[in-house]
Amino acid sequence: YNLSGMAFSPSEVSVSDYLDHWFDVYCKANLKYNTQLGYVQIIEKHLKPAFGAYRLAALQPGTIQEYVNALKIRGLARASVTGIVSVLSAAYEYAIEPLGYVRENPCARIRIPKFEKKPRERAVISPEDFSRILERFPEGNNFHLPLLIGYYTGLRISEAFGLTWEDIDLEARTL
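Asks: Pulling in residues and values, what's your account of the environment of valine 87?
Replies: Within the secondary structure layout, valine 87 lies in helix H4 (residues 78–96). The class for valine 87 is buried, based on a relative accessible area of 2%. Note: C-alpha distance between valine 87 and glycine 38 (49 residues apart in sequence) is 9.6 Å. Apart from residues no more than four positions distant in its own chain, valine 87 is found in contact with Trp22, Tyr39, Ile42, Ile43 and Leu47.

Asks: Can you lay out the side chain of histidine 46 for me, pointing to particular residues and giving the numbers?
Replies: The topology assignment puts histidine 46 in helix H2 (residues 33–51). For histidine 46, the side chain forms a polar contact with the side chain of tyrosine 67, separated by 3.2 Å. Sequence-distant contacts of histidine 46, defined by excluding residues within four places in its chain, comprise Gln41, Tyr67, Leu71, Arg74, Leu76 and Ile84.

Asks: Residue-level account of the nonpolar core, with values.
Replies: Ranked by internal contacts, the top residues of the largest apolar core, which has 32 residues, are Tyr18, Trp22, Leu47, Phe51, Leu56, Ile64 and Leu88. Looking at this core, the elements with two or more residues in it are helix H1 (15–30), H2, helix H3 (61–74) and H4. Take this core: its biggest share by element is nine residues, from H4. Dropping the residues within four chain positions of it, tyrosine 18 is found in contact with Val13, Leu56, Ala91, Tyr94, Ala95, Leu99 and Tyr101.

Asks: Which residues make up H4, and what values do they have?
Replies: The first and last C-alpha atoms of H4 sit 27 Å apart over 19 residues, in line with the 27 Å expected at 1.5 Å per residue. Turning to H4, its buried residues are Val81, Ile84, Val85, Val87, Leu88, Ser89, Ala91, Tyr92, Tyr94 and Ala95. Where H4 is buried, its residues contact H1, H2 and H3.

Conventions used here
Residues numbered from 1 in each chain as written. Predicted model: local features only at pLDDT ≥ 70, side-chain atom pairs only at ≥ 80, totals over all residues. Heavy atoms only, no water. Helix = DSSP H or I, 4+ residues; strand = E, 2+ residues; numbered from the N terminus. Buried < 20%, exposed > 50% of the residue type's maximum accessible area, 1.4 Å probe, protein only. Contact = heavy atoms within 4.5 Å. Polar contact = N/O pair within 3.5 Å; in protein donor to acceptor, adjacent residues only side chain to side chain. Core = buried A, V, L, I, M, F, W, Y, C linked by side-chain atoms within 4.5 Å. Expected span 1.5 Å × (residues − 1).

Put into structure tokens, the structure is as follows:
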């Protein structure tokens, strides 16, 4: 009666076994196929090797935080680290409700470390390269004028295509 049909004690199941169960029961029924593929990669490549041997109820926030910090040091992008933590957190949320296997999510207090944004290297098109571009898109082509505007004003191509006559002052010669 107390176990309500469970064949194992939730405190005894490993994180690896639970992730398999969560994927089969929850993910396959509720997530799109491509999302499932991404989750499988995260589970197999990151979560199982790092936490698979732990018991579901024994995994602590400190262990997860150390792993997250190590991922940053290894050079993973912020989005990758956030995705890994999100998958583990979602699995634990399902273990809390509706399953009742654990009482709290050890990912709830995890802090993603600060990531420095690398400045983008500016791409400069040489006059020779631009001449070759204009050969590909000669006068009369729909792209010719936006390319000229972008090259001589520094506008991005999408900004050049987004221009309207209200953006142009022919008397003041401003854009």
